[in-house]
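# Working through the structure, step by step
What follows is each chain in one-letter form.
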Amino acid sequence: MRLFILISALALFSTTTLAANADGYKQTLALQGITFDVTSKSSGSLGKLQITPKGLKSKTAAISREIDGTVTGAEIADLDADGSPEIYIYVTSAGSGSYGSVIAYAVNKKQSVTEIFMPNLTDDPKLSKGYMGHDEFSIVENSLGRRFPIYLDGDSNAKPTGGIRQLEYQLVPGEAAWLLKVKNQIDLK
């Protein structure tokens with residue numbers, strides 16, 4: 001399936017350095033002349049995320065926010081191919097469900113940064129049927145991929161038996177902000 005092909009052309013054009021340890025998460029990502037320093041520290045199930053953009057035409061302050069869980073990864077891409085990158089940060093909640101979420105920001109014409117909104121999966125009964133967390137995220141070509149095990153009635157958290165659901169998100173302009181919209185769903189048995 002196309003969603004989780006591991007080799008991505010984007011990897012050829014981005015620079016990344018990574019350091020993850022018990023004290024937190026630190027990664028620097030660069031694409032198209034824009035750099036993001038991503039740092040996170042966790043205290044229990046809550047954490048503090050800071051994103052510092054560099055290379056923008058206008059001065060932009062670091063973005064700081066509280067997160068529910070820990071940062072497990074980050075990627076930089078230009079999903080809409082407009083010549084300005086986006087940053088995608090993957091967060092996993094504490095607990096046995098390990099529910100995943102994405103915090104994302106788009107660069108606007110290399111001048112400023114705007115948040116990208118991703119609808120909560122549980123808001124869509126069809127997409128969330130059998131969902132109990134354990135998400136994986138990855139940039140693949142011009143989409144954001146998400147996959148997770150499907151749980152059937154009676155499955156324990158440790159033993160899902162319904163296969164895997166893969167979702168492909170497309171970056172689209174909304175009324176006042178950017179949105180990640182589900183473009184494709186594939187259920188694999």
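Residues numbered from 1 in each chain as written. Predicted model: local features only at pLDDT ≥ 70, side-chain atom pairs only at ≥ 80, totals over all residues. Heavy atoms only, no water.

### Side note on the overall build of the protein chain
Check the secondary structure of the protein chain and you find 1 helix and 13 strands. When the elements of the protein chain are put in sequence order from the N terminus, they spell out β-β-β-β-β-β-β-β-β-α-β-β-β-β. By the burial criterion, 42% of the 189 residues in the protein chain qualify as buried. Here the protein chain has roughly 10100 Å² of accessible surface; of this, 54% comes from carbon and sulfur atoms. (Helix = DSSP H or I, 4+ residues; strand = E, 2+ residues; numbered from the N terminus. Buried < 20%, exposed > 50% of the residue type's maximum accessible area, 1.4 Å probe, protein only. Areas by Shrake-Rupley, 256 points an atom, 1.4 Å probe, with all protein chains shown as cover.)

### Quick notes on the sheet that holds strand E11 (residues 143-149)
Pairing in this open sheet of 8 strands is mixed, and the strands run E6-E7-E8-E9-E13-E12-E11-E10 from one edge to the other. Because the sheet does not close on itself, it has two edges, and the strands there are strand E6 (70-77) and strand E10 (136-140). Strand-to-strand twist of the sheet, defined as the mean angle between neighbouring strand axes without regard to direction, takes the value 25°. Sheet topology places E6 next to strand E7 (residues 86-92); 7 bridges connect them, and they run antiparallel. Each residue of the ladder has a partner; that of glycine 73, found in E7, is tyrosine 90. (Pairing = 2+ DSSP bridges. Axes fitted to C-alpha atoms, helices over the stretch in contact; angles between N-to-C directions.)

### Details of the confidence of the model for the protein chain
On average, residues of the protein chain score 88 in pLDDT, and 88% of them are at 70 or above. Scored below 50 in pLDDT, residues 1-18 makes 44 contacts in the model with residues more than four places away or belonging to other chains. (pLDDT = per-residue confidence, 0-100. Contact = heavy atoms within 4.5 Å.)

### What about the layout of surface pockets?
Sizing a probe to match a water molecule and rolling it over the atoms shows the empty space that remains. Taken as a whole, the largest pocket spans an internal volume of roughly 410 Å³. Lining the largest pocket are 22 residues, and of these Gly100, Ser101, Val102, Met118 and Asn120 sit closest to its centre. For the lining of the largest pocket, the secondary-structure elements that each account for two or more residues are strand E5 (63-68), strand E8 (100-108) and strand E9 (112-117). Top contributing element to the lining of the largest pocket by residue count: E8, with 5 residues. Per-class residue counts for the lining of the largest pocket are 12 nonpolar, 5 polar and 5 charged. (1 Å grid on protein atoms, 1.4 Å probe; cavity = no way out; pocket = protein on both sides within 12 Å on 5 of 7 lines; lining within 4 Å. Points joined across faces, edges and corners; volume = space filled by probe spheres on them. Nonpolar A, V, L, I, M, F, W, Y, C, P; charged D, E, K, R; others polar.)

### Focus on the pairing of strand E12 (residues 164-173)
Looking along a regular strand, one sees the side chains alternate between the two faces of the sheet. Counted residue by residue, E12 has 7 buried out of 10 residues, so it is predominantly covered. As judged from the 10 bridges shared by E12 and strand E13 (residues 178-188), these two strands associate in the antiparallel manner. Paired with glutamine 170 across the strands is lysine 181, a residue of E13. With antiparallel pairing between neighbouring strands as the criterion, E12 and E13 make up a hairpin whose turn holds 4 residues.

### Here's the deal with the packing of aromatic side chains
For the coordinates displayed, the defined rule picks out 3 aromatic pairs. With a centroid separation of 5.4 Å and 15° between ring planes, the pair formed by tyrosine 90 and phenylalanine 137 is classed as stacked. Of this pair, tyrosine 90 sits in strand E7 while phenylalanine 137 sits in strand E10, and the two are 47 residues apart along the sequence. Ring geometry for tyrosine 99 against tyrosine 131: centres 5.5 Å apart, planes inclined by 65°, an arrangement best described as edge-to-face. With tyrosine 99 in the loop between E7 and E8 and tyrosine 131 in the loop between helix H1 (125-128) and E10, the pair connects residues that are 32 residues apart, well separated along the chain. (Phe/Tyr/Trp six-rings, centres within 6.5 Å; stacked < 30°, edge-to-face > 60°.)

### A short note on the side chain of serine 143
Positionally, serine 143 belongs in strand E11. Among the residues examined, serine 143 registers a relative accessible area of 2% and is labelled buried.

### Examining unusual backbone geometry
Of note in the backbone geometry, serine 98 takes a positive phi value of approximately 45° without being a glycine. Looking at where serine 98 falls in the secondary structure, it is placed in the loop between E7 and E8. With phi around 65°, histidine 134 is a residue other than glycine that occupies positive phi space. Mapped onto the elements, histidine 134 comes out in the loop between H1 and E10.

### Notes on the nonpolar core
Nonpolar side chains in soluble globular proteins tend to be buried together. The biggest cluster of nonpolar side chains holds 21 residues, and the ones touching the most others in it are Tyr88, Val102, Ile116, Leu144 and Leu180. Breaking this core down by element, the ones donating at least two residues are E7, E8, E10, E11, E12 and E13. Val71, Ala74, Ile89 and Val91 belong to the second largest nonpolar core, which has 20 residues in total. (Core = buried A, V, L, I, M, F, W, Y, C linked by side-chain atoms within 4.5 Å.)

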